[in-house]
Amino acid sequence: MNRLLLPYMGEAAFLLQEGMSIEFVDKVYVKEFGMPMGPFELMDEVGLDVCLKVLKIFKKSLRRAY
């Protein structure tokens, strides 16, 4: 499990909420952070249903860790 995934996706959602475009956020994440794809492209590839399932698993797992 990669603990950076939730902050990575959360920050992308925050940027979108602040008015940045999906295309810009994905481009910056790939170019500036060296990720293989942007967060919104990742969500599109795996599907929002899978993203939600992973979020629930992380939430349950991380609750036990702290």
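See above for the structure.
Residues numbered from 1 in each chain as written. Predicted model: local features only at pLDDT ≥ 70, side-chain atom pairs only at ≥ 80, totals over all residues. Heavy atoms only, no water.

What's the story with the side chain of Asp26 in this structure? I'm lost.
Here Asp26 lies in helix 2 (residues 22–33). Of the side chains bearing the opposite charge, Lys27 lies closest to the buried Asp26, which forms no salt bridge; the N-O distance is 12 Å. With residues up to four places along the chain from it excluded, the contact list for Asp26 reads Gly38, Pro39, Phe40 and Glu41. (Helix = DSSP H or I, 4+ residues; strand = E, 2+ residues; numbered from the N terminus. Buried < 20%, exposed > 50% of the residue type's maximum accessible area, 1.4 Å probe, protein only. Lys, Arg positive; Asp, Glu negative; His and termini not counted. Salt bridge = Lys/Arg side-chain N within 4 Å of Asp/Glu carboxyl O. Contact = heavy atoms within 4.5 Å.)

Could you clarify how one ought to interpret helix 3 (residues 39–46) in this entry?
Count 3.6 residues to each turn of an α-helix, and residues three or four apart come out pointing the same way. Along helix 3, the residues that are buried comprise Pro39, Phe40 and Met43. Along the long axis of helix 3, the arc covered by the buried residues comes to 100°, so they all point the same way. Turned more than 90 degrees from where helix 3 packs its buried face, Asp44 and Glu45 sit exposed. Gly47 lies just past helix 3 and shows a positive phi near 95°. (Arc of directions from axis to C-beta.)

Is there a simple way to explain the nonpolar core in this structure?
A general tendency of soluble globular proteins is for nonpolar side chains to be buried together. Core analysis: the largest hydrophobic core is formed by 7 residues, namely Tyr8, Met9, Ala12, Val25, Tyr29, Phe40 and Met43. Sorting the residues of this core by element identifies helix 1 (5–17), helix 2 and helix 3 as the ones contributing at least two each. The dominant element in this core, judged by the number of residues it contributes, is helix 1, at 3 residues. The contacts of Met43, once residues within four sequence positions are left out, are Met9, Leu48 and Cys51. (Core = buried A, V, L, I, M, F, W, Y, C linked by side-chain atoms within 4.5 Å.)

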